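Given next are the chains, with one letter for each unit.
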Amino acid sequence: MSTQTMPLAKAITAGLRAALDVDDSVMLMGEDIGRLGGVFRVTDGLQKDFGEHRVVDTPLAESGIVGTAIGLAMRGYRPVCEIQFDGFVFPAYDQITTQLSRMHYRSGGRIQVPVVVRIPYGGGIGAIEHHSESPEALFAHTPGLRVVSPATPQDAYDMIRAAVASPDPVIFFEPKGRYWTKGEVDLDAPVPSLSDGGTADPLGKARVVRPGTDVTLVAYGPTVATVLSAAEALAAEGTNAEVVDLRSVSPLDVPTVADSVRRTGRCVVVHEAPTFLGSGAELAARLSEECFYSLESPVLRVGGYHAPYPVAKLEHEYLPSVDRVLDAVDRALAH
Amino acid sequence: MSDQVTDGSDVAPADVVPLVQLVTPTGERVHEPDNRYAARVAHLTGDDLRAMYRDMVLTRRFDDEATALQRQGELGLYAQSTGQEAAQVGPAHALAVQDMVFPSYREQGILHVRGVDPVDRLRLYRGVDHGGWDPADHNLHLYTLVIGSHVLHATGYAMGVQRDGAVGTGDPERDTAVVACFGDGATSQGDVNEALVFAAVNDAPVVFWCQNNQWAISEPTSRQSSAPLYRRGEGFGVPSVRVDGNDALACYAVMAEALERAHAGHGPTFVEAYTYRMGAHTTSDDPTRYRERAEEEYWRQRDPIDRIAALLRAEGHWDDEWAAGVEADADALGETLRAGVRALDAPPTTSMFDDVYATPHAQVDEERAWFAHYEAETAGTAQHRTEEAAR
């Protein structure tokens, strides 16, 4: 059967394998992704099956990885770069923001750079400094990039294949704290279409993953599971929460969220990244414009604080927990 | 290697650095005992040398005309290549058609040889385009303004060439090299150093063509390196050479050797073309604040165009009637530029939203629609309100 139960990390492996299988121009690049299979084993076995020229162990230089990937894309390849950890993307930040994001624009559409940058991100794994961060807003603020994050194994499988197929560069944030969460994956699912901008597009469309009537909880990546747990707790208390999985931070699917909030009147946005100038802030601003007269309370945010990601022993106080989500819902309902 | 020439910069002033030179500043051929580089220009005919001279003269005229257009307010900025014509036209003449060049933003001579329309070369500086030409038409990438970023792109492109099997076939119309042009300042950038790492460990068919024009805006090369720049390449395991960047023939020969290595699949080469930026960094710069007239005069006497002209005369290839024809071509180029640049209008306002993405993106689509709506609703009135408020 084509449907298998597997962890999210292995769903990405399966998606990469499928992409390598169907298109000879697809290649993977990164540190330790070959014989080792990556520090999270997401590329496990792929170099053995596809060779050293398609699954490339690169020098330890992130700007070099993304910069050479841009050149390879100009030559007709579709490189998928792995950045080992979120905090190590910054040496490549210049190449991503000043080059990758705007090559199509500055060339008047003559050059496409279908590069995917995979970044394991987020906390909760007891890691040392620079291994638990959520820098997605920094990339979403840059025109020309698509910024996405899957929350389930099926979405991980679908979205990585869609990202590889995308003619635009995609920053693909993988919720490493959820890498080993299992779910069913239909390996025969078609690669989602990007061109029609339809609801099947997981690189641009949010999805209501739990219908409800009293409050809208918005999350993506690692916090989707958090807010689903919160929704269960709320249900036991008699509050019916709707949960929206954004899936994409750029573009933001404002219509889907606004449609939900028009029905519920209340909204709490939850992400691990600091709330200050984050994607929740943008969403709050947009909701105040789009559904001002439907709002029963201010849009609230639950997320990281404006402090560097703390030491591991404190991270559970820093990360948005179920209790902090419930507290925010209480405050929203108090209006 | 040819004669030993004293380094003219303040990089290790007492140092004597080997330099490939095939023609002296006064136009005599240099005797090269091993004939290593001289052999690579032996086939060039008088017509070939005259073609190089003509391209260098037209590049110089292009500079003068563009600078004048900037002074007249027709360009926002312009970066001159004056003094570096040999280090650009020479290597460009050695390229195979399929070789891909990644320029920095001062490669006016290479753009000229690669056939980019003169007016299109100034679209960027006119402020009507971020590029100006189709890279695929000329195997010439767009200018890159973040110093050194494109050197990684060139290296990645070369890695793609390898994967395409377009090196080492022995087919001169298939084997492909990639050239990354950058300057002395760029050698300090991490991206250039990372590019050398990636190229070296992959044997990528890329030529690192570093024009050391002695100045990174106001900073002399001594602020970038305590060793001659060509030795940077050696540290990465990349064959490296310093060439007299004001000697078009030597630049041609050194590039030809580097291209041969790349085409054969034997990997990268680092070339330091030792030259001089005779003009300002850009039209916004004022070199009198940081360098001496004596230094400029030293290099003026080593003008690369004077050198190839002297060679043509010395070897009987000079012809006054032909030279007058080159001047007439330069005059015609000036007329083309003046008319063409002035006719370059701003693109449509909504074009700022074009091509941000290759596929629909909700944010861009929404803002484009809003912008169009705003423009239509406020046509004429916004300016009116500003004027009212100013009263």
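Residues numbered from 1 in each chain as written. Chains lettered and ligands numbered in written order. Predicted model: local features only at pLDDT ≥ 70, side-chain atom pairs only at ≥ 80, totals over all residues.

Q: I tried to follow the overall build of chain A on my own but got confused; where do I start?
A: Scanning chain A from N- to C-terminus turns up twelve helices and 14 strands. Taking 2.2 N^0.38 as the reference for a compact globule, 335 residues should give roughly 20 Å; the C-alpha atoms of chain A span a radius of gyration of 19 Å, in line with that estimate. Its C-alpha atoms give chain A principal-axis dimensions of roughly 60 × 45 × 45 Å. Within the span of chain A, comprising 335 residues, buried residues form 57% of the whole. The contacts of chain A with a sequence gap of at least 6 include a subset with a gap of at least 24, amounting to 79%. (Helix = DSSP H or I, 4+ residues; strand = E, 2+ residues; numbered from the N terminus. Rg over C-alpha atoms; globule rule 2.2 N^0.38 Å. Buried ≥ 20, exposed ≤ 12 C-beta atoms within 10 Å, placed from the backbone. Contact = placed C-beta atoms within 7 Å.)

Q: Can you help me understand the overall build of chain B in this one?
A: When you go through chain B residue by residue, the secondary structure sums to 14 helices and nine strands. Computed over its C-alpha atoms, the radius of gyration of chain B comes to 23 Å, within 12% of the 21 Å expected for a compact globule of 391 residues. Counting across all 391 residues of chain B, residues that qualify as buried make up 46%. Considering only intrachain contacts with a sequence separation of at least 6, the fraction spanning at least 24 residues in chain B is 76%.

Q: Hey, could you run me through the interface of chain B and chain A in this one?
A: A common way to report how large an interface is uses the accessible area buried once the components associate. Opposite the 33 residues of chain B that make contact, chain A presents 40 residues. Secondary structure elements with two or more residues in the side of chain B that touches chain A: α6 (149-163), α7 (190-202) and α13 (362-377) of chain B. Sort the elements by how many residues they give to the side of chain B that touches chain A and α6 of chain B lands first, with eleven residues. Taken together, the residues of the side of chain B that touches chain A sort by class into 17 nonpolar, eleven polar and five charged. (Nonpolar A, V, L, I, M, F, W, Y, C, P; charged D, E, K, R; others polar.)

Q: I keep staring at the environment of M255 of chain B and nothing clicks. Help me out?
A: Looking at where M255 of chain B falls in the secondary structure, it is placed in helix α9 (residues 248-263). Setting aside anything within four residues of it in sequence, one finds M255 of chain B in contact with G90, P91, A94 and V207 of chain B.

Q: Would you mind showing me how to read the sheet that holds strand β10 (residues 215-219) of chain A here?
A: For sheets, the rule is that strands pair by backbone hydrogen bonds, running either parallel or antiparallel. Residue and element names in this part refer to chain A. With mixed pairing, five strands are arranged side by side in an open sheet as β9-β11-β10-β13-β14. Where the open sheet ends on each side, the last strands, each with one partner, are β9 (207-210) and β14 (300-304). If you compare each strand with its neighbour and ignore which way they point, the axes differ by 25° on average. Judged from the five bridges that link them, β10 and strand β11 (residues 241-245) form a sheet pairing that is parallel. Bridging across to β11, L217 finds its partner in V243. On top of the sheet, helix α8 (residues 223-236) reaches β9, β10, β11 and β13 (267-274); it is set at about 160° to β10, its chief contact. Against the sheet, helix α9 (residues 254-264) touches β9, β10, β11 and β13, its axis set at about 155° to β10. (Pairing = 2+ DSSP bridges. Axes fitted to C-alpha atoms, helices over the stretch in contact; angles between N-to-C directions.)

Q: Before we go on, may I ask you to explain α6 of chain B in this structure?
A: Residue pairs spaced three or four apart in an α-helix point in one direction, given the helix's 3.6 residues per turn. Residues and elements named next belong to chain B. For α6, which comprises 15 residues, the first-to-last C-alpha distance of 22 Å matches the rise-based estimate of 21 Å (1.5 Å per residue) to within 8%. Of all the 15 residues making up α6, 13 are buried; the element is thus mostly covered by neighbouring parts of the structure. The first or second residue beyond α6 is G165, which carries a positive phi of 70°. (Expected span 1.5 Å × (residues − 1).)

Q: Quick question: what am I supposed to make of the domain arrangement of chain A here?
A: Residue and element names in this part refer to chain A. Here chain A is partitioned into domain 1 (3-186) and domain 2 (207-333). Contact residues are listed per partner, giving 24 residues for domain 1 and 21 residues for domain 2. Looking at the side of domain 1 that touches domain 2, the elements that each hand over two or more residues are α6 (136-140), β6 (146-148) and β7 (170-175). When grouped by side-chain class, the residues that make up the side of domain 1 that touches domain 2 number ten nonpolar, nine polar and five charged. (Domains from an automatic or database assignment.)

Q: What is the right way to read the domain arrangement of chain B from this model?
A: Split by domain assignment, chain B resolves into domain 1 (4-342) and domain 2 (349-390). The distance between the C-alpha centroids of domain 1 of chain B and domain 2 of chain B comes to 42 Å.

Q: For this particular structure, what's the right way to read unusual backbone geometry?
A: A negative phi holds for most residues other than glycine; trans holds for most peptide bonds. Residue and element names in this part refer to chain A. The omega angle of the peptide bond from S250 to P251 is 0°, so this bond is cis rather than trans. One non-glycine residue with positive phi stands out, namely R41, at about 65°. Given 14 C-beta atoms within 10 Å, R41 falls into the partly exposed group. The phi dihedral of L277 falls on the positive side, at around 55°, and the residue is not glycine. Inspection of the secondary structure assignment puts L277 in the loop between β13 and α10 (279-290). The exposure class of L277 is partly exposed, given the 13 C-beta atoms found within 10 Å.

Q: I would appreciate a short explanation of the pairing of strand β8 (residues 240-244) of chain B in the present structure.
A: Within a regular strand, side chains alternate between the sheet's two faces. Residue and element names in this part refer to chain B. Among the five residues of β8, five are classified as buried, and the element is accordingly described as predominantly covered. A two-sided burial pattern is seen for β8, the buried positions comprising S240, R242 and D244 on one face and V241 and V243 on the other. As paired strands, β8 and strand β9 (residues 269-274) are joined by five bridges and run parallel to one another. By the bridge assignment, S240 is partnered in β9 with F270.

Q: Which parts of the structure should I look at to understand the nonpolar core?
A: For soluble globular proteins, the rule of thumb is that nonpolar side chains tend to be buried together. Ranked by size, the top nonpolar core spans 189 residues in total, and within it L217 and V268 of chain A together with A180, V207, V254 and V271 of chain B carry the most contacts. It is α9 of chain B that contributes the most residues to this core, eleven residues altogether. Contact partners of V268 of chain A, with chain neighbours within four places excluded, come to V215, L217, L300, V302, V325, A328, V329 and A332 of chain A. (Core = buried A, V, L, I, M, F, W, Y, C linked by C-beta atoms within 7 Å.)

Q: Hey, could you run me through the sheet that holds strand β5 (residues 206-212) of chain B in this one?
A: Residue and element names in this part refer to chain B. With respect to topology, five strands assemble into an open sheet ordered β3-β4-β5-β9-β8, the strand pairing being parallel. Each edge of the sheet is formed by a strand with only one pairing partner; in this case those strands are β3 (100-102) and β8. With direction set aside, neighbouring strand axes in the sheet form an average angle of 20°.

Q: Would you explain the packing of helix α1 (residues 46-71) of chain B against helix α11 (residues 304-314) of chain B in this entry?
A: The geometry of a pair of packed helices is captured by two quantities: the angle between their axes and the separation between those axes. All names here are of chain B. The interhelical angle for the contact between α1 and α11, taken along N-to-C directions, is 155°, at an axis separation of 10 Å. Relative to α11, the element α1 lies roughly antiparallel. Regarding α1 and α11, the two cross each other, and that crossing is left-handed. Between α1, through L49, R50, M52, Y53, M56, V57 and R60, and α11, the contact on the second element is made entirely by P304, I305, I308, A309, L311 and L312. Broken down by class, the residue content of the contact of α1 with α11 amounts to eleven nonpolar, no polar and two charged. (Parallel < 35°, antiparallel > 145°, perpendicular 65-115°, else oblique. Left-handed = near helix turned anticlockwise from the far one by under 90°.)

Q: Just to check I follow, could you spell out the packing of α1 of chain B against helix α12 (residues 320-342) of chain B for this structure?
A: Residues and elements named next belong to chain B. It is the contact of α1 with α12, at a shortest axis distance of 9 Å, that shows an interaxial angle of 35°. For the pair α1 and α12, the crossing hand works out as right-handed. Counting all contacts with α1, which are made through R50, R54, V57, L58, R61, F62, E65 and L69, the residues of α12 involved are W322, V326, D329, A330, L333, G334, L337, R338 and V341. When its residues are assigned to classes, the contact of α1 with α12 shows ten nonpolar, one polar and six charged.

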